[in-house]
Amino acid sequence: MNDLLETTVYKTVGVKAQYVQALLAKAQAIDEQQIKYEHYSRYGEDIIRLIYDRNIDQRILLGVMQTFSEGLEDNLYATDESTLPEQVVALLKEKNKRLSTAESFTGGGVSAEITSVSGASSVFFEGVTAYNENAKIKRLGVRAETLQKYGAVSKETASEMVAGLLQTGDCDLAIATTGIAGPNSDATGFPVGLCFIGIGNKDTITVYRYTLQGDRNTVTQTAVKLALFLAYKTLKNI
């Protein structure tokens, strides 16, 4: 890259495409063509890079940066080149917390992202892929009554999956995922893409509901990103 050029990056998860485009249009309306934008979007993650001459009018630069920092604040996880899993692992270390995961339709994808980070062994206790309903019962303590009444893809099941990890006493934060990846629905007739992501600690468990769009891989990979981001936000507030 030209030595006279500088870059500012914004990394987010869970922002609607129309909203990102509106922010880009707002920035372009005030940048007087002094800034180049690179926008990468995949699996619910958006990465926006501003590339500009170091001698840029600072009034313009600050105005554009404010547009993105304020507009993306609730969904922002990094303003550098670090990845989302790296941010989660760094926060776990900073907060002295240990994480476990219980996954169904994401098939171990969340734990794979965490363990891809060097040094994750100091903060990651275990990853359980409880794909079958009996695995949810035997390994995580999900009640058979819960599965019968609400189904495997439900707020209640996700909550009990989280609780099952926390009850072992070996983790401080737990993530659970359950959903319908497609291409077909299950016996419940719930829509493809419906998923529940649970995040919890010893004090509280919160379950988030999403209906994701795309093919099987897109649904699962987007859910992985969302699970990691929800863990990041939870850790930030501890």
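To keep things clear, this report deals only with the structure shown in the data block. In this text the structure is predicted, and so the values were computed from the model without any measurement. (Residues numbered from 1 in each chain as written. Predicted model: local features only at pLDDT ≥ 70, side-chain atom pairs only at ≥ 80, totals over all residues. Heavy atoms only, no water.)

### Notes on the overall build of the chain
Each helix and strand in the chain was counted, giving 8 helices and 9 strands. Taken along the three principal axes of its C-alpha coordinates, the chain extends 65 × 40 × 30 Å. Relative to its full complement of 238 residues, the chain shows a buried share of 48%. Total accessible area computed for the chain in this model is approximately 11900 Å², and 46% of it derives from carbon and sulfur atoms. The chain carries 24 positive and 28 negative side-chain charges, and their two centres are separated by 6 Å. (Helix = DSSP H or I, 4+ residues; strand = E, 2+ residues; numbered from the N terminus. Buried < 20%, exposed > 50% of the residue type's maximum accessible area, 1.4 Å probe, protein only. Areas by Shrake-Rupley, 256 points an atom, 1.4 Å probe, with all protein chains shown as cover. Lys, Arg positive; Asp, Glu negative; His and termini not counted. Charge placed at Lys NZ, Arg CZ, Asp CG, Glu CD.)

### Some thoughts on the sheet that holds strand β2 (residues 35-42)
Strand pairing in a sheet relies on backbone hydrogen bonds, with the paired strands running either antiparallel or parallel. With respect to topology, 4 strands assemble into an open sheet ordered β2-β3-β1-β4, the strand pairing being antiparallel. A strand with exactly one partner marks an edge of an open sheet, and here the two such strands are β2 and β4 (76-78). Within this sheet the neighbouring strands show an average axis-to-axis angle of 25°, counted without direction. With 2 bridges connecting them, strand β1 (residues 5-13) and β4 associate as antiparallel partners. When the bridges of β4 are listed, Lys11 appears paired with Ala78. (Pairing = 2+ DSSP bridges. Axes fitted to C-alpha atoms, helices over the stretch in contact; angles between N-to-C directions.)

### Here we look at the environment of Ala144
Positionally, Ala144 belongs in helix α6 (residues 144-150). On the basis of relative accessibility, which here comes to 36%, the residue Ala144 falls in the partly exposed class. Counting along the chain gives 10 residues from Ala144 to Asn134, while the straight-line C-alpha distance between them is 8.5 Å.

### Some thoughts on the pattern of salt bridges
Inspection of every chain in the model, using the stated rule, returns 8 salt bridges. Between Arg49 and Glu81 there is a salt bridge, with its nearest N and O atoms 2.8 Å apart. You can see Arg49 sitting in strand β3 (residues 45-53) and its partner Glu81 sitting in the loop between β4 and α3 (84-95), a full 32 residues away along the chain. Relative accessible area serves as the criterion here: at 22%, Arg49 is assigned to the partly exposed category. Accessibility expressed as a relative area gives 48% for Glu81, which makes it partly exposed. (Salt bridge = Lys/Arg side-chain N within 4 Å of Asp/Glu carboxyl O.)

### Comments concerning the packing of aromatic side chains
Summed over all chains, the structure comprises 3 aromatic pairs. For the pair Tyr37 and Phe68, a centre-to-centre distance of 6.2 Å together with 50° between the ring planes defines the contact as tilted. Here Tyr37, found in strand β2, pairs with Phe68, found in helix α2 (residues 58-71); they are 31 residues apart in sequence, far enough to count as distant. Phe68 shares its class with Tyr37; the two are buried. For the pair Phe229 and Tyr232, a centre-to-centre distance of 6.1 Å together with 20° between the ring planes defines the contact as stacked. (Phe/Tyr/Trp six-rings, centres within 6.5 Å; stacked < 30°, edge-to-face > 60°.)

### A word on unusual backbone geometry
Looking along the chain, the bond that leaves Gly182 and enters Pro183 is cis, with omega of 10°. Structurally, Pro183 can be placed in the loop between β7 (173-179) and β8 (194-200). The backbone of Asn96 sits at a positive phi, close to 60°, despite the residue not being glycine. One can find Asn96 in the loop between α3 and β5 (99-103).

### Quick notes on the pairing of β1
As judged from the 9 bridges shared by β1 and β3, these two strands associate in the antiparallel manner. If you follow Lys11 over to β3, its bridge partner there is Ile47.

### Remarks on the nonpolar core
Counting residues in hydrophobic clusters, the biggest one holds 34 residues, and the most contacted among them are Tyr77, Leu84, Val88, Leu99, Ile114, Ile175 and Tyr232. Of all the secondary-structure elements, those providing two or more residues to this core are β4, α3, α4 (109-115), β7, β8 and α8 (216-236). A per-element tally of this core places α8 first, with 11 residues. Those residues within four positions of Val88 in sequence are excluded, and the remaining contacts are Ile114, Leu228, Tyr232 and Leu235. (Core = buried A, V, L, I, M, F, W, Y, C linked by side-chain atoms within 4.5 Å. Contact = heavy atoms within 4.5 Å.)

### Examining the sheet that holds β8
As summarised here, the arrangement of the 5 strands in space is β6-β5-β7-β8-β9, forming an open sheet in which the pairing is mixed. In this open sheet, the two strands that pair with only one neighbour each are β6 (124-129) and β9 (205-211). The sheet shows a mean angle of 10° between the axes of neighbouring strands, taken without regard to direction. Bridge count between β7 and β8: 6 bridges; the pairing is antiparallel.

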